[in-house]
Amino acid sequence: DLLIYVTRGLCQLTTALRNQGEAIIPEDDRLVTENLFVTITNANFDDDALQARIRATLERNAALRSRLDGAGLSAAARWDGSGDWDDKAQAVGILSTADEDIRSLRELITYGLKGMAAYNHHVNAYGKSAPGVDAFLQAALAKTLDDSLTAEELTALALETGKYGVDVMAALDEANTSAYGHPEVTRVNLGVRDNPAILVSGHDLHDLKLLLEQTEGKGVNIYTHGEMLPAHGYPELKKYAHLKGNFGTAWQNQQKEFADIPAPILFTTNCLMPPRASYADRVFTTAVVSYPEMIHIGENKDFTPVIEKALELGGYAEDKAFTGIN
């Protein structure tokens with residue numbers, strides 16, 4: 001709640017500067033996008049990581065405030081981080097909007113923007129951006145601070161959010177297909193072969209491509225899990241012979257399916273459930289995903305620790321078909 005609060009403040013500042021004709025640096029656009037993405041269900045369980053994002057956002061808010069005269073700025077844009085953060089989070093959370101209809105519409109818009117941010121993050125991974133999306137996303141999130149907006153105006157904003165959601169999905173489709181070709185109907189092997197292996201979960205095809213590059217020729221097979229299954233349809237990804245197949249089913253079954261698999265699992269986006277002790281030592285995260293005490297692969301995308309863990313575990317001694325779960 002506190003991260004969303006300071007991000008709303010940041011969006012009011014970036015929108016005010018845009019309205020004055022000033023440019024916003026890409027780093028601020030990315031900060032907003034990632035702050036929203038990190039709060040989606042099953043993405044980030046790490047308080048330290050969230051607090052670091054709050055601090056980074058407060059720093060940018062202070063820098064951008066210095067470029068404005070302060071008139072008309074909300075408390076979210078003006079807050080300097082002082083006081084007890086737990087108390088502040090309680091005070092500025094969802095229930096701080098008393099009117100139930102206004103609260104519901106604000107949250108509907110906010111969740112739409114979170115979904116938009118997730119797609120936007122993937123577009124950004126290719127060094128691209130969706131035209132107009134960053135400006136709209138920030139202006140819309142800033143409007144959720146505006147107590148003068150009526151339910152009718154917020155309903156219209158929710159509908160406009162849907163329109164931009166379609167736009168950013170189109171931008172992501174273009175980014176994926178320009179990089180990896182148009183998906184084809186593809187037969188996918190189920191189960192794992194007798195080799196060291198890495199399972200990859202999530203949505204980030206760019207992360208998968210980087211992992212495929214870094215594991216090529218190292219005797220490590222790559223398997224998708226859950227939402228990463230569609231990766232097998234892209235021609236440029238299918239060229240990697242060590243992208244062997246898919247293991248398991250949907251993300252919500254991971255706590256059963258990962259219990260005894262002798263391979264590390266890399267989570268690239270919002271598919272992480274709290275790991276059980278039976279496989280916690282094999283979980284790796286990257287991008288917005290984080291969990292306390294789990295190894296996190298930073299922005300350099302050096303997957304060496306994941307590869308080394310795969311080689312250490314060795315994989316199954318023989319081919320193992322996946323037969324599903326009870």
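Computed from a predicted model, the values in this text were never measured in an experiment. (Residues numbered from 1 in each chain as written. Predicted model: local features only at pLDDT ≥ 70, side-chain atom pairs only at ≥ 80, totals over all residues. Heavy atoms only, no water.)

Trainee: What is the right way to look at helix α6 (residues 100–125) in this model?
Mentor: Note that an α-helix has 3.6 residues per turn; residues three or four places apart therefore point the same way. In a regular helix each residue adds 1.5 Å, so 26 residues correspond to 38 Å; α6 covers 37 Å between its end C-alpha atoms and thus fits that length. Directly beyond the C-terminal end of α6, a positive phi value near 75° is found at Gly127. (Helix = DSSP H or I, 4+ residues; strand = E, 2+ residues; numbered from the N terminus. Expected span 1.5 Å × (residues − 1).)

Trainee: Would you mind showing me how to read the environment of Ala277 here?
Mentor: With respect to the helices and strands, the residue Ala277 is situated in the loop between β4 (265–267) and β5 (283–286). Owing to a relative accessible area of 75%, Ala277 belongs among the exposed residues under this scheme. Each C-alpha atom, one on Ala277 and one on Leu108, is 36 Å from the other, the two residues being 169 residues apart in sequence. (Buried < 20%, exposed > 50% of the residue type's maximum accessible area, 1.4 Å probe, protein only.)

Trainee: Sorry, what's going on with the side chain of Arg8 here?
Mentor: Among the structural elements, Arg8 can be located in helix α1 (residues 2–19). Within polar-contact distance, the side chain of Arg8 engages the side chain of Thr110 at 2.7 Å. (Polar contact = N/O pair within 3.5 Å; in protein donor to acceptor, adjacent residues only side chain to side chain.)

Trainee: When you look at the packing of helix α2 (residues 26–38) against helix α3 (residues 47–65) in this model, what are you seeing that I'm missing?
Mentor: Axis angle and axis distance: for two packed helices, these are the angle between their axes and the distance between the axes, and together they describe the pair. Interhelical geometry of α2 versus α3 gives an angle of 145° and a closest axis separation of 11 Å. Crossing hand, α2 versus α3: left-handed. Of the residues in α3, those in contact with Asp28, Leu31, Glu34, Asn35 and Val38 of α2 are Leu50, Arg53, Ala56, Thr57, Arg60 and Leu64. Here the contact of α2 with α3 is built from residues that sort into 5 nonpolar, 2 polar and 4 charged. (Axes fitted to C-alpha atoms, helices over the stretch in contact; angles between N-to-C directions. Left-handed = near helix turned anticlockwise from the far one by under 90°. Contact = heavy atoms within 4.5 Å. Nonpolar A, V, L, I, M, F, W, Y, C, P; charged D, E, K, R; others polar.)

Trainee: Can you walk me through the nonpolar core in this structure?
Mentor: Across soluble globular proteins, you tend to see nonpolar side chains buried next to one another. Core analysis: the biggest nonpolar cluster contains 35 residues, and Leu36, Leu113, Met116, Phe136, Leu137 and Leu154 have the highest contact counts within it. The set of elements that each furnish at least two residues to this core consists of α1, α2, α6, α7 (133–143) and α8 (151–180). Counting 32 residues, the second largest nonpolar core, distinct from the first, contains Tyr5, Phe247, Val288 and Tyr291. (Core = buried A, V, L, I, M, F, W, Y, C linked by side-chain atoms within 4.5 Å.)

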